[in-house]
Amino acid sequence: MNMNEIQIARLLDQARSYVQEEKYLHAIQIYRRLTLSEPEFVLAYRELASVYAEMGQPQAAIGLLQRAEAVLPGNSEVIFLLGMRHLQLEQFDRALSYFKRLAAQKLPQVHFQMATAYFYKGNLTAAEEQFRLTLQLDPLFPRINESLGEVLLQRNAFTDAVHYLRKGIDVDPYSAVNHVLLGTAYARLHDWKKAYQEFIITVDMDPNEYQHWQLCGESLIHLKRYDEAEPYLRKSLELLPTSVDAMLALCKVLTVKGDLEGAQEIRTTAFSLDPVNARAGETRWKLRHQAQQLTH
């Protein structure tokens, strides 16, 4: 027997209250009652699937949504939710199979998630295409400029990446991720002054993230501001004492400043922690130094 809107609202409130109290079994009973009484009520399936996921039962969530699809064949929301569940499980091809069924509807959220799946599959060309389509359909879609900029950065299209990342910062100036990505894009363009300006913002936003301090220090090295670089790198190592990259950057600073003993001590520690990455990192620094010499 179908319920009226008041009864449904009361049951939803009660189920959500149980979820907040982490009384998941009680919540599941209510949601199941709703799905049995109102088999076309998609919201009940969606929230029950979230409860299963919260309980660490992702396959139960997928099974529930598959049953919902059997009851509501072709329902766009159910198909999208199935795609999202597979995406969260990193089952990218399966996720794409659901999202593609909705592609003709030109829904920005569908194309954004398709782009995300392609990105993590390593298909950057397809990811860029889908992010651009998302932007075309909804220029204000959350994180779209940041996401497109990151793909372009991965594709070595640094100038284009700067364009979209700057637009992303205009929309959300308090996104540390955006500033890190923009700083990285400037660094790839060898505009170390602008890179440093972006990285210093991230230090202010999240001073407990070791990499932000390290990136500031590395930028200052490229600007030959070694005295300023040292405290940034030491702070990075204070936050993550095992960072081989920060150690090698600090070795560079100490070597330039003439503290060869201190540089050798840190280099020895870096090689003892991770000899393969330490050797590769040291090679990178040497190549950078040679390139700088050739351009001066």
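The structure this text deals with has already been given above.
The structure presented is a predicted model; accordingly, all values stated were derived computationally and were not measured. (Residues numbered from 1 in each chain as written. Predicted model: local features only at pLDDT ≥ 70, side-chain atom pairs only at ≥ 80, totals over all residues. Heavy atoms only, no water.)

Help me out: how do you make sense of helix 4 (residues 58-71) in this one?
In an α-helix, one full turn covers 3.6 residues, which means residues spaced three or four apart are oriented alike. In this model helix 4 runs 20 Å from its N-terminal to its C-terminal C-alpha over 14 residues, within 8% of the 20 Å that 1.5 Å per residue would give. Inspection of helix 4 places Ala61, Ile62, Gly63, Leu64, Leu65, Ala68 and Glu69 among the buried residues, and these make up the whole buried set. The elements touched by buried residues of helix 4 are helix 3 (42-54), helix 5 (76-88) and helix 6 (92-100). (Helix = DSSP H or I, 4+ residues; strand = E, 2+ residues; numbered from the N terminus. Expected span 1.5 Å × (residues − 1). Buried < 20%, exposed > 50% of the residue type's maximum accessible area, 1.4 Å probe, protein only. Contact = heavy atoms within 4.5 Å.)

Sorry, what's going on with the environment of Arg32 here?
Following the sequence through the fold, Arg32 ends up in helix 2 (residues 24-37). Relative accessible area serves as the criterion here: at 45%, Arg32 is assigned to the partly exposed category. Each C-alpha atom of the pair Arg32 and Gln14 lies 13 Å from the other, and the pair is 18 residues apart in sequence. Those residues in contact with Arg32 that lie beyond four places of it in its chain are Leu48 and Tyr52.

Would you take a moment to explain the packing of aromatic side chains for this structure?
In this description, a pair of aromatic rings is defined by centroid distance and the angle of the planes. In the structure shown here, the tally under the stated rule is 7 aromatic pairs. Measuring from centroid to centroid gives 5.3 Å for Phe112 and Phe131, while their planes differ by 65°, and the two rings are edge-to-face. A residue pair is termed long-range when its members are at least 10 positions apart, and Phe112 in helix 7 (residues 108-121) and Phe131 in helix 8 (residues 124-137) qualify at 19 residues. Measuring from ring centre to ring centre gives 5.0 Å for Phe112 and Phe141, while their planes differ by 40°; the resulting arrangement is tilted. One end of the pair, Phe112, is in helix 7; the other, Phe141, is in the loop between helix 8 and helix 9 (144-154), and 29 residues separate them in sequence. With relative accessibility at 3%, the residue Phe112 sits in the buried group. With relative accessibility at 15%, the residue Phe141 sits in the buried group. Taken together, the ring pairs connect Phe92, Phe119 and Tyr120 into an aromatic cluster. We note Arg225 situated over the ring of Tyr196; from NZ or CZ to the ring centre the distance is 5.3 Å. Lying over the aromatic face of Trp213, Lys235 brings its terminal NZ or CZ to 5.9 Å of the ring centre. (Phe/Tyr/Trp six-rings, centres within 6.5 Å; stacked < 30°, edge-to-face > 60°. Lys NZ or Arg CZ within 6 Å of the ring centre and 35° of its normal.)

Would you take a moment to explain the side chain of Glu230 for this structure?
Relative to the assigned elements, Glu230 resides in helix 14 (residues 226-239). At a separation of 2.6 Å, a polar atom in the side chain of Glu230 contacts the side chain of Lys257. (Polar contact = N/O pair within 3.5 Å; in protein donor to acceptor, adjacent residues only side chain to side chain.)

No statement about biological role is implied by the geometric values presented.
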